[in-house]
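Descriptive analysis of the structure
Here are the chains, one letter per residue:
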There are 2 protein chains.
Amino acid sequence: MEQPQELAQIIRMHRKAARLSRVQLAELAGVGKTVVFDIEMGKESVKLDTLRKILKVLNIKIIWKSPLMENLQNSENEKS
Amino acid sequence: MEQPQELAQIIRMHRKAARLSRVQLAELAGVGKTVVFDIEMGKESVKLDTLRKILKVLNIKIIWKSPLMENLQNSENEKS
DNA sequence: AATGATTTACTGCTAAAGCAGTAATATGAA
DNA sequence: TTCATATTACTGCTTTAGCAGTAAATCATT
């Protein structure tokens, strides 16, 4: 089974799983309903803090991943 | 050693590692220099697509993590 | 079918993101 | 020191995100 990569699909999927309507989600997140609609429609020009409010309700975390940071993690537990 | 969690610090750290000035990073990302300054100053009200342009230059990926998605991943490779 | 909730799709309006330009400092190397 | 680059910190200005309100359309349940 394919894992959704698009933010829009991820949001929608979590909202459905939480059995929330878009209006309900917007209210819980403390944002306008329009943004929730827009994001699920694939709009990428959302403000990060607004997005974070929505993600918080849905229990989604943002992980910043890069080769550089993975190298740091690897070097934390070296073997002799 | 502590891993930076703040977006601002992550950006700065990667920019330094790439030996780029803020203006250079802004130019490479195709955004104004002001945004790069603002982000590194901790501003959270950035547009997602603007942020993505910067992250792309620095080779940083965004991972959306949640218990729900981890369950899906686990159920992909079941053991008999 | 009928009722209610949800979704989609508009509308102006306001607040703010993003921009280039400028300038003052800070930093750093020759 | 001197010269160049980088950083910080301001400007207005334009674009647009986000908002509530409204209404039509779709969906679901009885």
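First, a word on what this report is: a plain description of the structure on this page. These numbers come from a predicted model, not from an experiment.

Some points on the overall build of chain A
Counting secondary structure elements, chain A contains five helices and one strand. Counting from the amino terminus, chain A carries its helices and strands in the arrangement α-α-α-α-β-α. Out of the 80 residues in chain A, the part that is buried amounts to 36%. When the accessible surface of chain A is split by element, carbon and sulfur atoms take 49% of a total near 5,100 Å².

Considering the packing of aromatic side chains
What the rule picks out here adds up to zero aromatic pairs over all chains. Sitting over the ring of Phe37 of chain B, Arg22 of chain B keeps its end group 5.1 Å from the ring centre.

Some thoughts on the environment of Leu55 of chain A
Tracing the chain through its elements places Leu55 of chain A in helix H4 (residues 48–58). Using a relative accessible area of 2% as the deciding quantity, one classes Leu55 of chain A as buried. In this view, Leu55 of chain A contacts Ile11, Ile60 and Ile62 of chain A together with Trp64 of chain B; residues no more than four positions away in its chain are not counted.

What about the relation of the copies chain A and chain B?
Expressed as a screw operation, the relation of chain A to chain B combines 0.0 Å of axial shift with a rotation of 180°, fitting to an RMSD of 0.0 Å. The two molecules are tied by a two-fold rotation axis, judged by turn and shift. A symmetric contact is evident, with 100% of the interface residues of chain A recurring at the interface of chain B.

Details of the protein's contact with DNA strand D
Taken together, the neighbourhood of DNA strand D is formed by 16 residues, with Gly32, Val35 and Lys47 of chain A together with Arg22 and Phe37 of chain B sitting nearest. Among atoms of DNA strand D positioned within 4 Å of the protein, sugar and phosphate together represent 71%. Measuring from a phosphate oxygen of DNA strand D, one finds a side-chain N or O atom of Ser45 of chain A at 3.0 Å. Here Thr50 of chain A contributes a side-chain N or O atom positioned 3.2 Å from a phosphate oxygen of DNA strand D. Ranked by residues supplied to the surface near DNA strand D, first place goes to helix H3 (residues 33–40) of chain A with three residues.

Overview of the pairing of strand E1 (residues 61–65) of chain A
Alternating positions in E1 of chain A separate cleanly, Ile62 and Trp64 of chain A being buried on one face and Lys61, Ile63 and Lys65 of chain A remaining unburied on the opposite face. In this structure, E1 of chain A lies alongside strand E1 (residues 61–65) of chain B, joined through five bridges in antiparallel fashion. In the sheet register, Lys61 of chain A faces E1 of chain B, and the bridge partner there is Lys65 of chain B.

Some thoughts on the protein's contact with DNA strand C
In the neighbourhood of DNA strand C, 16 residues make up the surrounding shell, with Arg22 and Phe37 of chain A together with Gly32, Val35 and Lys47 of chain B lying closest. Each atom of DNA strand C within 4 Å of the protein was assigned to sugar, phosphate or base; sugar and phosphate come to 72%. The separation between a phosphate oxygen of DNA strand C and a polar main-chain atom of Lys47 of chain B is 2.6 Å. Note that a phosphate oxygen of DNA strand C is positioned 3.3 Å from one of the side-chain N or O atoms of Thr50 of chain B.

Rules and cut-offs
Residues numbered from 1 in each chain as written. Chains lettered and ligands numbered in written order. Predicted model: local features only at pLDDT ≥ 70, side-chain atom pairs only at ≥ 80, totals over all residues. Heavy atoms only, no water. Helix = DSSP H or I, 4+ residues; strand = E, 2+ residues; numbered from the N terminus. Buried < 20%, exposed > 50% of the residue type's maximum accessible area, 1.4 Å probe, protein only. Areas by Shrake-Rupley, 256 points an atom, 1.4 Å probe, with all protein chains shown as cover. Phe/Tyr/Trp six-rings, centres within 6.5 Å; stacked < 30°, edge-to-face > 60°. Lys NZ or Arg CZ within 6 Å of the ring centre and 35° of its normal. Contact = heavy atoms within 4.5 Å. Least-squares fit on C-alpha atoms with pLDDT ≥ 70 in both. Near = heavy atom within 4 Å. Polar contact = N/O pair within 3.5 Å; in protein donor to acceptor, adjacent residues only side chain to side chain. Pairing = 2+ DSSP bridges.

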